Amino acid sequence: MKEDDGTGPPNRELYALLHLSPEASDEEIRRAYRQWAQVYHPDKYQAPHMKEIATENFQRICEAYEILSDENKRQIYDIYGMEGLNSGLELGPKLNKVEEIKEQLEKLKRMKEQQKMSALFLPKGSIVANLSLPGFLDGDGIMRGMAMASAVQSQLSKSSALSLSGNLGVEENSGAGAASAVFRHQIASDSTIEFMGSVGLGSLIGVQMTRQLSLHSTATLGIAKSFHDGSINLSNVWTRQLSDTASGNIELLLGPQSSIGVGWQKKDQNTSAAGEVKFGTNSFGISARYSRRFSSKSHGRIAGRIGSAALEVEVGGGRKVSDFSTVRMLYTIGIRGIFWRFELHRGGQKLLIPILLSRDLNPVLATGAFVVPTSIYFILKKFVFKPYYLKREKQKALENMERTATQVQEARKAAAKAQQLLENVANRKRNKQQETGGLIITKAIYGNHKALKKGDELRETNDELASQVLDVTVPLNFLVNDTGQLKLHDGVKKSGIMGFCDPCPGEPKQLHMEYTYHGERYEVAVDDYEELIIPQIAHRV
């Protein structure tokens, strides 16, 4: 059984198949299995083709029951899905807690990832080109300076890695560079040690150790000797997980430039924020940053810094232009002047172009430098980018339909077969509800939410629309209970329900339903993972 690849809660297909909540008790699982077995047991059918359909679906039900009725298997499935069950991990009788199982699976997953990483090089690099508009107008040239950095990491073994890096910077008539190497070794499951060395500007040699003190705390201790002035520098960093989305850290540096810093970071699905207060021997600084994702492709950012050497505010945003590339534009105003900064991120590579617009804080220039590019962006977004992306998304959707056509066709056939065996019981339940004026599903369509919005245009003669939706009236009438109610569980993808399938993989889906209750007409539409309980007064037409 294959898990869904789309967005939404994972590892729920088996629950959908047996029509269970992810929090279902052992008794509810047994009761659901008996209900489905009464419908799909092969011995109930004599005709060869019906027996074949029953056998195929009965095997699916048995497999789901075998996993969900076993406490350990169910815990593994809830955490890692079928991949975890098929990983080859054998659990002992003492591994009864979710935390213990998760720890074992994490170790297995980490080991497999390390094996794949063996002898694999991970390159990263950046190029910074500093431009100056005042310098260009003064005849001194537009280029203020340039810096390049590159790093490559190789996984030498399952527990050891080597990282090599170098950087080179040029500022007007002076330049400098450095090369460094870091050897990292995992000496235990909760401890790593690093040996580092650097030659060139800021030459040093040092060692650093990191240890997981508890489930939520980590400490790092380091010592380094500088070849430039012979000084010894000590560093100590404590990190603490404050919540599922937030962490804090305290950093202490002892040496010629001693300092102490306190930082905080928070990151969830759509927002991230960070702040730091740092006091040094001859300096202090406070910085804060906030980023928000507006969609899967665009995000905004605001940051501020204040201290003995900085006073500036930065605003801007970025947009994802491909699976691997992101572009950003940032506007900075502060005591150093007014800047634009353009960034291109692709994989592990970065191109950064800061442009100094003015060294003076001219109000007119400062306002124009912010308003003009912002206006240009929104004009281009409306009349150029958005039409282009809509066209590209439509093309990708067509390509996806062509690529998955065979898979969808087979899934639709399997769903039709499953509905064929449900039909008799569904009709009996419908007739019983009709006699008492209970719940009757008159029409239920599941599929692409854009196709469902077409409403009256959705006809069987329209092949493009009809191929993206599925009639699920029969299985939903089957799921109506004896008290005249129907519940579809929260967080469970509806395509996994018996008699359903995914008619448009990768596309957002909805369930549109029309039903009657006590002679009244009702209508409702819900998203793929959304809970549905009917009848409800709010659905009445």
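Residues numbered from 1 in each chain as written. Predicted model: local features only at pLDDT ≥ 70, side-chain atom pairs only at ≥ 80, totals over all residues. Heavy atoms only, no water.

Looking up the protein in an unreviewed UniProt entry gives the name J domain-containing protein, with the organism given as Gossypium barbadense. Note on the protein: under the UniProt heading Subcellular location (unreviewed entry), the record states "Membrane". (UniProt positions renumbered as here; feature names shortened; annotations may be inferred.)

A tally of helices and strands in the protein yields eleven helices and 23 strands. For the protein, the proportion of its 541 residues judged to be buried stands at 34%. Pairs at least 24 residues apart make up 42% of the contacts formed inside the protein by residues separated by at least 6 positions. By element, 56% of the accessible surface of the protein is carried by carbon and sulfur atoms, the whole surface being about 32000 Å². (Helix = DSSP H or I, 4+ residues; strand = E, 2+ residues; numbered from the N terminus. Buried < 20%, exposed > 50% of the residue type's maximum accessible area, 1.4 Å probe, protein only. Contact = heavy atoms within 4.5 Å. Areas by Shrake-Rupley, 256 points an atom, 1.4 Å probe, with all protein chains shown as cover.)

Per the counting criterion, the structure on display carries eleven aromatic pairs. With a centroid separation of 6.2 Å and an interplanar angle of 20°, the aromatic rings of Trp36 and Tyr40 are classed as stacked. Here Trp36 pairs with Tyr40, and both are found in helix 2 (residues 26–40), just four residues apart, close to one helical turn. The residues Trp36 and Tyr40 share a single accessibility class, namely buried. (Phe/Tyr/Trp six-rings, centres within 6.5 Å; stacked < 30°, edge-to-face > 60°.)

Evaluated as defined, the whole model comprises one cavity of 30 Å³ or more. Taken as a whole, the largest cavity encloses approximately 50 Å³ of empty space. If you go around the largest cavity, the residues you meet are Tyr15, Ala16, His19, Leu20, Leu488, His489, Val492, Lys494 and Ile497. Across the lining of the largest cavity, the residue classes tally to six nonpolar, two polar and one charged. (1 Å grid on protein atoms, 1.4 Å probe; cavity = no way out; pocket = protein on both sides within 12 Å on 5 of 7 lines; lining within 4 Å. Points joined across faces, edges and corners; volume = space filled by probe spheres on them. Nonpolar A, V, L, I, M, F, W, Y, C, P; charged D, E, K, R; others polar.)

Turning our eyes to something else, we now look at the side chain of Thr332. Position of Thr332 relative to the elements: it lies in strand 15 (residues 325–334). Within polar-contact distance, the side chain of Thr332 engages the side chain of Glu314 at 3.3 Å. Setting aside residues up to four positions removed in sequence, Thr332 forms contacts with Glu312, Val313, Glu314, Gly337, Ile338 and Phe339. (Polar contact = N/O pair within 3.5 Å; in protein donor to acceptor, adjacent residues only side chain to side chain.)

The next thing to look at is the sheet that holds strand 21 (residues 509–517). Taken in spatial order, the four strands of this open sheet run 19-18-21-22, and their pairing is antiparallel. With one partner strand each, in any of the chains shown, strand 19 (469–471) and strand 22 (520–527) form the two edges of the open sheet. Averaged over all pairs of adjacent strands, the angle between strand axes in this sheet comes to 15°, irrespective of strand direction. Alignment of strand 18 (residues 440–448) against strand 21, held across eight bridges, turns out to be antiparallel. Residue pairing across strands places Asn448 opposite Lys509, the latter belonging to strand 21. (Pairing = 2+ DSSP bridges. Axes fitted to C-alpha atoms, helices over the stretch in contact; angles between N-to-C directions.)

Another point: a negative patch on the surface. Residues Glu23, Asp490, Asp527 and Glu530 make up a contiguous surface patch of negative charge. Structurally, Glu23 is set in the loop between helix 1 (13–17) and helix 2. With a relative accessible area of 65%, Glu23 lands in the exposed category. (Patch = residues over 30% accessible without salt bridge, like charges linked within 9 Å, V, L, I, M, F, W, Y side chains within 5 Å. Salt bridge = Lys/Arg side-chain N within 4 Å of Asp/Glu carboxyl O. Lys, Arg positive; Asp, Glu negative; His and termini not counted. Charge placed at Lys NZ, Arg CZ, Asp CG, Glu CD.)

Right, let's talk about a nonpolar patch on the surface for a bit. Together, Ile127, Leu133, Phe136, Leu137, Ile142, Met143, Met146, Met148, Leu168, Val327, Leu344 and Leu351 line one region of the surface with nonpolar side chains, adding up to about 1000 Å² of accessible area. Breaking the nonpolar patch down by element, the ones donating at least two residues are helix 6 (133–137) and strand 2 (143–155). As for its placement among the helices and strands, Val327 is situated in strand 15.

You can see Gly506 is positioned in the loop between strand 20 (486–488) and strand 21. Take Gly506: its relative accessible area is 72%, and that puts it in the exposed class. Considering only alpha carbons, one finds Gly506 and Thr404, 102 residues apart in sequence, at a separation of 9.8 Å.

Here we take up the nonpolar core. In this structure, Trp36, Tyr40, Ile441, Leu476, Leu486, Leu511 and Met513 are the most contacted members of the largest nonpolar core, which totals 56 residues. No other element matches helix 3 (residues 48–68), which puts eight residues into this core. Domain assignment of the residues forming this core places at least three in each of domain 1 (19–99) and domain 2 (404–539). Sequence-distant contacts of Met513, that is, excluding residues within four places in its chain, are made with Ile441, Lys443, Ala444, Leu476, Leu486, Tyr522, Glu523, Val524, Leu532 and Ile534. (Core = buried A, V, L, I, M, F, W, Y, C linked by side-chain atoms within 4.5 Å. Domains from an automatic or database assignment.)

A word on the pattern of salt bridges. Here the structure, examined in full by the defined rule, presents 16 salt bridges. Measuring nitrogen to oxygen at the nearest pair gives 3.1 Å for the salt bridge that ties Glu314 to Arg301. Of this pair, Glu314 sits in strand 14 (residues 311–320) while Arg301 sits in strand 13 (residues 298–307), and the two are 13 residues apart along the sequence. You can call Glu314 buried: its relative accessible area is 2%. When its relative accessible area of 27% is taken as the criterion, Arg301 is described as partly exposed. The shortest N-O distance in the salt bridge between Arg328 and Glu343 comes to 3.5 Å. In this pair, Arg328 sits in strand 15 while Glu343 sits in strand 16 (residues 337–346), placing the two residues 15 residues apart along the sequence. One connected set of salt bridges, linked through shared partners, spans Arg301, Glu314, Arg328, Arg341 and Glu343.

So, on to unusual backbone geometry. Apart from glycine, the bulk of residues carry a negative phi angle, and the bulk of peptide bonds sit in the trans form. Between Ile534 and Pro535 the backbone carries a cis peptide bond, its omega angle lying at 5°. For Pro535, the position within the fold is in the segment after strand 23 (532–534). A positive phi angle, close to 55°, is found at His19, a residue other than glycine. Within the fold, His19 resides in the loop between helix 1 and helix 2. A positive phi is found at His518, a non-glycine position, where the angle reads about 55°. By the secondary structure assignment, His518 is in the loop between strand 21 and strand 22.

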